[in-house]
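Residues per chain are reported as follows:
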Amino acid sequence: MVTAERTTVRLVCAECGTEYPTGVPRYRCTCGGLLTVEQPLAALRETVSRELFDVRLASRARLDQSGVWRFRELLGDYSPGEIVSKPEGRGNLYEDARLTDWAGVGQLWLKHEGENPTGSFKDRGMTVGMTHARRLGARTVACASSGNTSASLASYAATAGLAALTFVPEGKVSTAKVAQTIAYGARVIQIRGDFDAAMRLVQEVAETPEYGVYLLNSINPFRLEGQKTIVLDALQALGWRVPDAIVLPGGNLGNTAAFGKALEEALALGLIDRIPQIITVQASGAAPFARAFARGFAPGSYRPVEAKTVATAIAIGDPVSYPRARRVIQTTEGIVLAVSDEAILAAKAQIDRAGIGCEPASAATLAGLRALITDGLLPAKASVLAILTGNLMKDAEAIAAYHQPDPRSERPGANPPITIDPTLDEVKILLDEAGRWGAGSTE
Ligand SMILES: *Cc1c(COP(=O)(O)O)cnc(C)c1O
Ligand SMILES: [Zn+2]
C-alpha cells in the first residue's frame, strides 16, 4: 500500500511532538515546549526549485515582489487574497572592501534587513504572523517589544485593519521606535519594568482566551516561518552559493531559530548542498545564550540575566526561543559570543561611515566577526554573510551620543557637527582641513 504524502502544514511541540490544530491560537504545548510549524517537505520537493524562485525575481506580480512571499510554498497554505503584504523583504546585499578588511575576513556580504518597510527584519515575520492572525479571525493583536516588533506590528495591523496593543519597557525604547508605533495607530502601553517583564505580562494576556488577543511575538511560530526567508533571500542573492558562516545578532533568539530551520529545509529541498555555520552575537550586558554556549550548554548553564546594553533591540535577559536556538547552534556547529557596547558602537561607526548604516544591535555582527578573527576562532579566509537587522534611523540618540565631542573618550570615527559664523573665512579654515573628513577610513 502506498502511504499518501502529507500535504498540509502541522503545528507540533518541539519537545514532545504533540500536534495541535493550526486554526486555534496556541503558543506553547501543555508540556511547556515551544511549538514549531512543520511544512510538508516531501510534497514540496516536487514543486519548489531554485528556478521557480529565480523566475519570480523578474515578475511584477505583487506576491513575487515580496522577498517573503516569493518563497510562499515554504510558508504555509495561504491563498493570495488573504495575505497581508506591503511588500517587504527587498533589502540590498552590500559588499564593501573597507568593512571586509576591518572585520579581517576573506569575503563579507551584508544583507540589509533595515531596508524593510518599517526599518527592521521584523516585517518579514509580521507579514506571515498578521496573515495568520486574520485567518484565525483575530480582532486584536499584541506584542511585547524593545521597539522594532511594536513598530512592525502597528504598521501591519493598520494594513490588515486590526487593533494593536504593544507592551514596551518604559524609558528603554528609542524615541523613533515609539514614535513609529503611535503614528501607525497602535496603543503603546509602557511597563514599569524591563522587556522580560513586558514579555511575561503579554504572554499571560494572550493565554487568557476571553481577552481575545492574538500574540505576535517571536514565540509565535508563524512569525518565524516568515523570518526564514531572510536566509533564503540572501542565498538567492548570492546565486545560491553557501557562505562558510552566517552571523546575526541575538536577543530573543527567534532569528537564530528561524535561520536554522530555513537552512535545514533548504537542504532537504535541494536548494543548497551544505549548511553554513550559524554565529550569534550578543551584547555582553545581555548574554545568557553566549554564557550557556561557553559552558557547552551543560545542564544548568542557562541562567536569565538582567539585561543592560546600548543595543536596545537585543537588551533581553531571558530569550523566549532559547531552546530552539540552542539546537540550531548545535546542529550547525555554530558559535555564540558576546561583545562589549564599545565594540558594538565602534563597529557601527564603520558600517555607518561606509554609507550603509544600521542600528546598534545590527553592528554586533561586525564587532563579533572581528573578535572571532582576532581570536583565531574563525579562519581569516572565511566567506561570511552578516545580517544588518535594523535601520540607522531607528536610534538617533545612540548616534548623537557617540558623535558628541568628548575629550575623555576616544571614539573611532567620531564626527560631531561644527557650528560657525556665516562668513567665508570660517568656511575657508574648514576646507583647509577637508582631508580629515573626506572619504576614507575612520581609523
Ligand atoms: C529584534 C531585533 C534583533 C534580535 O532578534 P531576535 O530574533 O530577537 O534574536 C536584533 N536586531 C534588531 C534591529 C531587532 O529589531
Ligand atoms: Zn510538548
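A.B. asks: Just give me the short version of the coordination of the zinc ion (ligand 2), but keep the residues and values in it.
C.D. replies: For a metal with four donors in a tetrahedral arrangement, the ideal angle between donors is 109.5 degrees, while six donors in an octahedron ideally sit at 90 or 180 degrees. Only C13 (SG), C16 (SG), C29 (SG) and C31 (SG) from the protein coordinate the zinc ion (ligand 2), and they sit 2.3 Å from it. Around the zinc ion (ligand 2) sit four donor atoms; with metal-centred angles ranging over 105 to 121°, the donor geometry is tetrahedral. All donors to the zinc ion (ligand 2) come from one chain, and their sequence spacing reads C-x2-C-x12-C-x1-C. With C13 in strand β1 (residues 10-13) and C31 in the loop between β2 (19-20) and β3 (35-38), the pair connects residues that are 18 residues apart, well separated along the chain. Owing to a relative accessible area of 3%, C13 belongs among the buried residues under this scheme. The partly exposed category is assigned to C31, whose relative accessible area is 45%.

A.B. asks: Explain the packing of aromatic side chains to me, and be specific about the residues and the numbers.
C.D. replies: Following the criterion strictly, the structure yields eight aromatic pairs and no others. Ring geometry for W69 and Y78: centres 5.9 Å apart, planes at 90°, overall edge-to-face. This pair shows no difference in class: W69 is buried, exactly as Y78 is. Cluster of aromatic residues (ring-pair linked, three or more members): F289, F293, F297, Y302 and Y322. The ring of W102 has R370 lying over it, and the distance from NZ or CZ to the ring centre is 3.9 Å. In this structure, R411 packs its charged tip against the face of Y402, placed 6.0 Å from the ring centre.

A.B. asks: I'd like a rundown of the site of ligand 1, residues and numbers included.
C.D. replies: If you check the shell around ligand 1, you find 16 residues, and the closest are K122, N148, G251, L253 and T389. Within the side chain of N148, an N or O atom sits 2.7 Å from an oxygen atom of ligand 1. One nitrogen or oxygen atom from the side chain of T389 is found 2.8 Å from a nitrogen atom belonging to ligand 1. Protein chains bury 97% of the 380 Å² of accessible surface belonging to ligand 1 in isolation. Its residues assigned to classes, the shell around ligand 1 comprises six nonpolar, eight polar and two charged.

A.B. asks: For the nonpolar core, give the residues involved together with the corresponding values.
C.D. replies: Within the largest apolar cluster, 50 residues are counted, with the highest numbers of intra-cluster contacts made by W69, M130, V141, L153 and Y214. Taken together, the elements giving at least two residues each to this core come down to β1, β3, α4 (122-135), β6 (140-144), α5 (148-160), β7 (163-169), α7 (195-206) and β9 (213-215). V48, A266, L271 and A325 belong to the second largest nonpolar core, which has 38 residues in total.

A.B. asks: Can you lay out the sheet that holds strand β5 (residues 107-112) for me, pointing to particular residues and giving the numbers?
C.D. replies: What the six strands build is an open sheet, ordered β4-β5-β13-β10-β11-β12; its pairing is mixed. With one partner strand each, in any of the chains shown, β4 (93-94) and β12 (335-339) form the two edges of the open sheet. Sheet analysis places β5 next to strand β13 (residues 383-388), joined by six bridges and oriented parallel. If you follow H112 over to β13, its bridge partner there is L388.

Basis of the calculations
- Residues numbered from 1 in each chain as written.
- Chains lettered and ligands numbered in written order.
- Predicted model: local features only at pLDDT ≥ 70, side-chain atom pairs only at ≥ 80, totals over all residues.
- Heavy atoms only, no water.
- Donors = N, O, S within 2.8 Å, 3.2 Å for Na, K, Ca; no water.
- Tetrahedral: all angles 85-135°; square planar, octahedral: opposite > 155°, others 65-115°.
- Helix = DSSP H or I, 4+ residues; strand = E, 2+ residues; numbered from the N terminus.
- Buried < 20%, exposed > 50% of the residue type's maximum accessible area, 1.4 Å probe, protein only.
- Phe/Tyr/Trp six-rings, centres within 6.5 Å; stacked < 30°, edge-to-face > 60°.
- Lys NZ or Arg CZ within 6 Å of the ring centre and 35° of its normal.
- Near = heavy atom within 4 Å.
- Polar contact = N/O pair within 3.5 Å; in protein donor to acceptor, adjacent residues only side chain to side chain.
- Areas by Shrake-Rupley, 256 points an atom, 1.4 Å probe, with all protein chains shown as cover.
- Nonpolar A, V, L, I, M, F, W, Y, C, P; charged D, E, K, R; others polar.
- Core = buried A, V, L, I, M, F, W, Y, C linked by side-chain atoms within 4.5 Å.
- Pairing = 2+ DSSP bridges.

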